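Each chain, letter by letter, is given below.
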Amino acid sequence: MKFMKLGSKPDTFQDQGKGVRYVSSELATDVTVVIGEVKFYLHKFPLLSKSNRLQRLVSKANEEDSDEIQLVDFPGGPKAFEICAKFCYGMTVTLNPYNVVAARCAAEYLEMTEDVDRGNLIFKIEVFLNSSVFRSWKDSIIVLQTTKSLLPWSEDLKVVGRCIDSIASKTSMDPSTIAWSYTYNRKVAVLDKITEVGIKFPVNLESVPKDWWVEDICELEIDIYKRVMIAVKSKGRMDGSVIGEALRTYAMRWLPDTIEALVSEVHSRRNKSLLETIICLLPSDKGVTCSCSFLLKLLKVAILVGADDSSREDLIRSISLKLDEASVNDLLIPSRSTQTTVYDVELVKCLVDQFMARERSSRDKNISAKKTNDFVLGHGSWLKVGKLVDGYLAEIARDPNVSLSSFIELLQSVPDSARPIHDALYGAIDIYLQEHSSLTKAEKKHLCGLMDVRKLTMDASMHAAQNERLPLRTVVRVLFFEQIRAAAGVQALNNRNSDALDSTRKTEEYWQKTLPEKHNVSKPSKVRDESPQKNMKLVKKGSKNRSSGAQLLPSRSRRIFDKLFVVGKVSGNVENRSSETSGSSQSPTSMIIQGEIKSCGSSSRNRRYSIS
């Protein structure tokens, strides 16, 4: 805080009700200055020696044979005039950031310029502003706050503009040189650290962050705040993420937390103006440097307060650029009054469509430039949005007013490549079937047909096989592809065991060739006799199962398929179909698993059944 004292005489002003009288033993008052309801009883000559305006007013009062002067619309009121009057009397005047603007405007009103007297009040106040106030971060903010009540004087005198420029210039300074803060008074803490060798090094325990200034200016009114942020952006030295953080902090400071307060008639206009101002201040890259969660919160408020269409379109465009960073809770935007659903499904579909269109365009350009079919380009965000949409579908599926067409349109807005696993989609469809029991068989069939049962995990497949809400055709498909998956697993085990058997045979042949001739009969048999019991079993399986495996394994795989039907607890019609399928030796699945080892098929069966 800076102070300035002017004058040195001990004479004082005394309050007398609604009047202020200058007390002096030498002179008697001969003029009365009226400002509002306060009267100042003063002497003419000290005032006339400093103020051009008072000279004219006193001359006019003498002509009218009056000793009272009315000062209408005096900037700063009685307190500001008292500062000017004390200066005229040569008394001590204390200036600080809270009264300096009022004193400057009052001095301008009274025309206390250098033409009247050298070293007049205007000159001294300007020196104080330039040498002290505008060089201080803290004082510049305080002075800027006081200018609002002194418009248009403070604007015409360029006090507002100079304060804004001072603040904007300081925000772009190197944070390592910052040693002040208006709100926190954060400074770089430096302590001595004793190392093992006994040498002391200064260590910064807390460095000043880039956004050290964002909370300091949150107390400014929205109009002044807007001008400060425009000045900060115009400097071109501030990172967009810091500007986004500043806007987020200001919105949290001034926007109400409850819906009732947002839409209340008392504050609705102010909230709307504040929101539209924040939206127009978003970084020029359409808000990419702001978090997606913050942008979606702004969109929710914009809908509630009825912001104009252009503001909402700007927000939607910004959100679609980074939709992959959103969460399901962020997308739960309340629907507008014209809609019957709980959440605004159409708005979310618009966001997804814009994101997907941009992703496709970007990926196509990259692939064309590199002449490659690598789908990894941008695939991470692609998958995140697919997961996000499936989670959102599960939330809106509980709403009985969500139509099947809206549900399917949002489901299909995400390409199939963005869903490598369909577990979440299956969960959303299951919830929708549960909450919309009035769907026809055709509608259920169409909805479930959008789910690829081949992309379900084992747990999801087991759940689907027992789900009575799913159409019969879907359950059959689930069981069919589970049988194929089980057969593929058995085939993989068979291949690994065959490799082990071949390795054992090659080892025996090697020993037979390398042994001396006189031991050709005894040694190989001895080696076989000394082999472990498990190796003998393995050879036995390799020799006998060649003929019997083709007959045993197809029937075991069919029993796996039958057991899946039993575990699924489906209707009798399904069981009949399964038995018919198992009885056919020409089924595609039975052809796939011919020639498998008996032990491997059995272990696979046990493993699959234990999971169910």
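The name an unreviewed UniProt entry gives the protein chain is BTB/POZ domain-containing protein NPY1-like, with Nicotiana tabacum as the organism. UniProt annotates the protein chain under Sequence similarities (unreviewed entry) with the comment "Belongs to the NPH3 family."

**Regarding the pairing of strand 4 (residues 31-35)**
Judged by how many residues are buried, strand 4 sits mostly within the fold: five of five residues are covered. Alternating positions in strand 4 separate into two faces, V31, V33 and I35 on one and T32 and V34 on the other, with burial throughout. In the sheet, strand 4 pairs with strand 5 (residues 38-42) via five bridges, with the strands oriented antiparallel. Bridge pairing in strand 5 links V31 to L42. Between strand 4 and the antiparallel strand that follows it, strand 5, lie two residues; G36 among them carries a positive phi value of about 65°. Taken together, the three bridges between strand 4 and strand 6 (residues 68-70) define a ladder with parallel strand orientation. Across the sheet, residue T32 finds its bridge partner in strand 6, namely E68.

**Description of the packing of aromatic side chains**
Counted by the stated rule, this structure contains nine aromatic pairs. Residues F74 and Y109 carry aromatic rings whose centres are separated by 5.0 Å and whose planes lie at 75° to one another, so their mutual orientation is edge-to-face. Placement of F74 in the loop between strand 6 and helix 3 (77-89) and of Y109 in helix 4 (residues 100-110) is noted, with a sequence separation of 35 residues between them. For F74, a relative accessible area of 8% puts it in the buried group. It is R53 that lies over the ring of Y109; its NZ or CZ is 3.9 Å from the centre. Between R253 and the ring centre of W254, over which it is positioned, the NZ or CZ distance is 4.2 Å.

Calculation criteria
Residues numbered from 1 in each chain as written. Predicted model: local features only at pLDDT ≥ 70, side-chain atom pairs only at ≥ 80, totals over all residues. Heavy atoms only, no water. UniProt positions renumbered as here; feature names shortened; annotations may be inferred. Buried < 20%, exposed > 50% of the residue type's maximum accessible area, 1.4 Å probe, protein only. Helix = DSSP H or I, 4+ residues; strand = E, 2+ residues; numbered from the N terminus. Pairing = 2+ DSSP bridges. Phe/Tyr/Trp six-rings, centres within 6.5 Å; stacked < 30°, edge-to-face > 60°. Lys NZ or Arg CZ within 6 Å of the ring centre and 35° of its normal.

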